[in-house]
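Structural overview
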Amino acid sequence: MNRTTVSLIAGTAALAAVTGFATLSSPQAAGSAGTAGTAAELPVERTSLLCPSPSTSDIAETSYTSFTPVTKGAGSGGGAELQAAAAESDGKSRTGSKGKSDSKAKGKKAAKPVLEPEEPGKPATGDTSGGDAPALVGTAEGRFAPGWTVQETTEVAAGSGRGLQGVNCSAPDTEFWFPGASTAADRTDYVHLTNPDDSAAVVDIELYGKDGALDSTLGEGITVAPHSSDPILLSTLTEEKQENLTVHVNVRSGRVGAAVQALDDKLGGDWLPASADPSGSLVLPGIPKDATAVRLVAFSPSDSDADLKVQLASPSGRITPAGNETLHVKAGMTTSADLGDVTRGEAGSLVLTPTGTSAPVVAALRVVRGKGDDQETAFIPATRPVGTRATVADNSAKGTTLSLTAPTRGATVRVTASAGSEGGEAVSKTFTLKAGTTQNVAAPTPTGLKGTYALTVEHVSGGPVYGARTLAATEDGVPGFTVQTLPDDRGMVAVPEADEDLSVLQK
């Protein structure tokens, strides 16, 4: 068998694992009018999501919301579930205290799923309380897989990190960048690593401060056992106290889910998701209009410096923040800029573009709302565009803000509010965005809403659109909030077609 045939079989097997499309058929056999070598868009048939352990606080209250949008061509079978991962992978804690070893630490899953959605198009919810809630490993198959999203939202009434913490459970991968972490005295930051697979993962954690890489050998070769999770306290990896850090998670073997939990003694806390891949141009959407302090943190992983133009996409167009027109990012060093109350009471998104030839960067924003003792923090990483479709779950009739931006060209999107988790009917609405602007749109809510609902944004026409959703809840005067971006859900995959049926070669 020649090398070309082997390559075709390997490619077919890989696609079948994602889409279930087990053979490559001719266009005529498939009923297609296209030519050989064209690609058909098919729904993915299996998706994995990983949710980090929500909190160590005994007074934490956490809710999980699962949602799959209805996808044409997704079939009628399948299912989805979230199960508990081990609290620690090897019985040893990396958080500074002695770990506990139990049956879960040997890689066993919980017998009963934490959450089992019943049907696409309707959110499913679950909750837990206390500080011993485990990380979750989730799998969706068949009609539940395309666009599957799970939101983890935690309320902490007091203590370090108090406020509202939210994160979209993420797919496993092999590399993550987290600009905006910290080892400052008033911060307690953990990077949570979750392994969904049957074999161990080996991970390196690198830290970069204002002067470059921090000396640390403790972040090398961390083993995360199968079906388990490790929270790694960043201050145990280095003795240096840095206000602004970039964390690089590089997986040597296997794959993991990763997210940084940033807890502040005075400013509350939230989850810091990974930034979009390094790029010369980045968009950080959905800065709350009442933000009192916004800090930009950027890092260039290349050997060259980056020079960036900093602009705010406002409701009226792009503007340049006074005193922060540009940002110079030295290679291998973390750079920050305090933008103050940059939005000045209006919706806004930050747009970073190269001033000339520039190296790719990663970036994130730390956003503060409130004043004095009544302040809360959230993070907005650079993100991918909405693309074909993006979804965010756990919305309520009050406290939800949907922010959309079209940084380069005008665009039209369709926003659909799903049925409610306990009742209600889906509603859709279309919005047109002007080039260079950000709008906090009046997103629809389900008719007869009971419970929570999901918002799905679909690109209809025009240029790229970026989005973010803010959840807000005020308790005892403290403005708790959390922001989640809306990248493309990657619910569809391109499957190439060939001139002949190669299924016989797989026998």
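Residues numbered from 1 in each chain as written. Predicted model: local features only at pLDDT ≥ 70, side-chain atom pairs only at ≥ 80, totals over all residues. Heavy atoms only, no water.

Some points on the overall build of the protein chain
For the protein chain, the count of helices and strands is two helices and 37 strands. Each of the 507 residues in the protein chain was classed as buried or not, and the buried ones make up 53%. Sequence separation of at least 24 residues holds for 82% of the intrachain contacts in the protein chain that already meet a minimum separation of 6. Summing over all exposed atoms, the protein chain offers an accessible surface of approximately 21200 Å²; the carbon and sulfur share of this is 47%. (Helix = DSSP H or I, 4+ residues; strand = E, 2+ residues; numbered from the N terminus. Buried < 20%, exposed > 50% of the residue type's maximum accessible area, 1.4 Å probe, protein only. Contact = heavy atoms within 4.5 Å. Areas by Shrake-Rupley, 256 points an atom, 1.4 Å probe, with all protein chains shown as cover.)

Concerning the nonpolar core
Membership of the largest hydrophobic core comes to 29 residues, with the highest contact counts inside it found for Leu284, Ile287, Leu296, Leu350, Leu352 and Leu365. Per-element accounting of this core gives the leading share, four residues, to strand E20 (residues 306–314). In this structure, Phe178, Leu237, Ala258 and Leu272 belong to the second largest nonpolar core, which totals 26 residues. (Core = buried A, V, L, I, M, F, W, Y, C linked by side-chain atoms within 4.5 Å.)

Side note on the state of the cysteines
With the rule as written, the count across this model stands at one disulfide. Two residues share a disulfide in this structure: Cys51 and Cys169, whose sulfurs sit 2.0 Å from each other. The chirality of the disulfide connecting Cys51 with Cys169 is right-handed, given an S-S dihedral of about 110°. Within this pair, whereas Cys51 is found in strand E2 (residues 46–51), its partner Cys169 is found in the loop between strand E8 (163–168) and strand E9 (175–181), the two being separated by 118 residues in sequence. Cys169 sits in the buried class, given a relative accessible area of 6%. (Disulfide = S-S within 2.5 Å.)

Considerations on the side chain of Thr438
Positionally, Thr438 belongs in strand E32 (residues 437–441). Within polar-contact distance, the side chain of Thr438 engages the side chain of Ser349 at 3.1 Å. With residues up to four places along the chain from it excluded, the contact list for Thr438 reads Ala313, Ser314, Pro315, Ala347, Gly348, Ser349, Ser403, Leu404 and Thr405. (Polar contact = N/O pair within 3.5 Å; in protein donor to acceptor, adjacent residues only side chain to side chain.)

Digging into the packing of aromatic side chains
Considering all chains together, one arrives at three aromatic pairs under this definition. Both rings, one in Tyr208 and one in Phe299, keep their centres 4.8 Å apart while their planes meet at 40°; by these two values the pair is tilted. You can see Tyr208 sitting in strand E11 (residues 201–209) and its partner Phe299 sitting in strand E19 (residues 293–299), a full 91 residues away along the chain. Directly above the ring of Phe481 sits Arg369, whose terminal nitrogen or CZ lies 5.0 Å from the centroid. (Phe/Tyr/Trp six-rings, centres within 6.5 Å; stacked < 30°, edge-to-face > 60°. Lys NZ or Arg CZ within 6 Å of the ring centre and 35° of its normal.)

Side note on the pattern of salt bridges
Scanning the model with the defined rule gives ten salt bridges in all. In this structure, Arg295 and Glu243 form a salt bridge, with 3.3 Å as the shortest nitrogen-oxygen distance. Remark: Glu243 occurs in the loop between strand E14 (228–233) and strand E15 (245–253) and Arg295 occurs in strand E19; sequence separation between them is 52 residues. Linking Asp338 and Arg295 is a salt bridge whose minimum nitrogen-to-oxygen distance equals 2.9 Å. Linking Asp338 in strand E23 (residues 334–340) with Arg295 in strand E19, this pair joins segments that are 43 residues apart in sequence. On the basis of relative accessible area, Asp338 is assigned to the exposed category, the value being 53%. Arg295 sits in the buried class, given a relative accessible area of 14%. (Salt bridge = Lys/Arg side-chain N within 4 Å of Asp/Glu carboxyl O.)

Some thoughts on the confidence of the model for the protein chain
Residues at a pLDDT of 70 or more form 85% of the protein chain, whose mean pLDDT is 87. Overall, residues 87–111 carries pLDDT values under 50, and its contacts beyond four positions in sequence, including any with other chains, amount to 45 contacts. (pLDDT = per-residue confidence, 0-100.)

Some thoughts on the environment of Ile205
Locating Ile205 in the fold gives a position in strand E11. Considering only alpha carbons, one finds Ile205 and His248, 43 residues apart in sequence, at a separation of 5.7 Å.

Examining the pairing of strand E37 (residues 492–496)
Here E37 shows one buried face, formed by Val493 and Val495, and one open face, formed by Met492, Ala494 and Pro496. Relative to E37, strand E1 (residues 39–43) runs antiparallel, the two sharing five bridges. Paired with Ala39 across the strands is Pro496, a residue of E37. (Pairing = 2+ DSSP bridges.)

Focus: the sheet that holds strand E16 (residues 257–264)
Taken together, the four strands give an open sheet; going across it, the order is E14-E10-E16-E17, and neighbouring strands pair in antiparallel fashion. Taken across any chain shown, the strands that pair with only one partner, and hence form the sheet edges, are E14 and strand E17 (268–272). Sheet twist, expressed as the mean angle between neighbouring strand axes with direction ignored, is 20°. With five bridges connecting them, E16 and E17 associate as antiparallel partners. Note that in E17 the partner of Asp264 across the bridge is Gly268. (Axes fitted to C-alpha atoms, helices over the stretch in contact; angles between N-to-C directions.)

So, the sheet that holds strand E29 (residues 411–417)
Spatial strand order, E27-E34-E29-E31: four strands in an open sheet with antiparallel pairing. Both edges of this open sheet fall to strand E27 (389–395) and strand E31 (427–433), since each of them pairs with a single strand only. The average undirected angle you get between the axes of adjacent strands in this sheet is 20°.

Focus: the pairing of strand E24 (residues 348–354)
Regular strands have side chains that alternate between both faces of the sheet. Extensive coverage of E24 is indicated by the burial of six of its seven residues. The sheet contact formed by E20 and E24 spans six bridges and is antiparallel. For Leu312, the partnering residue across the bridge sits in E24 and is Leu350.

Thoughts on the environment of Ser66
Here Ser66 shows up in strand E3 (residues 61–67). It is 9.6 Å that separates the C-alpha atoms of Ser66 and Pro120, two residues lying 54 residues apart in sequence. Residue contacts for Ser66: discarding those within four places in its chain leaves Leu115, Pro117, Lys122, Pro123, Ala124, Trp148, Thr149 and Val150.

Brief notes about the environment of Ile232
By the element assignment, Ile232 lies in strand E14. With 27 residues separating them in the primary sequence, Ile232 and Ile205 have C-alpha atoms 9.5 Å apart.

Looking at a negative patch on the surface
Taken together, the side chains of Glu61, Asp127, Glu155 and Glu475 present a region of like negative charge at the surface. Using a relative accessible area of 40% as the deciding quantity, one classes Glu475 as partly exposed. (Patch = residues over 30% accessible without salt bridge, like charges linked within 9 Å, V, L, I, M, F, W, Y side chains within 5 Å. Lys, Arg positive; Asp, Glu negative; His and termini not counted. Charge placed at Lys NZ, Arg CZ, Asp CG, Glu CD.)

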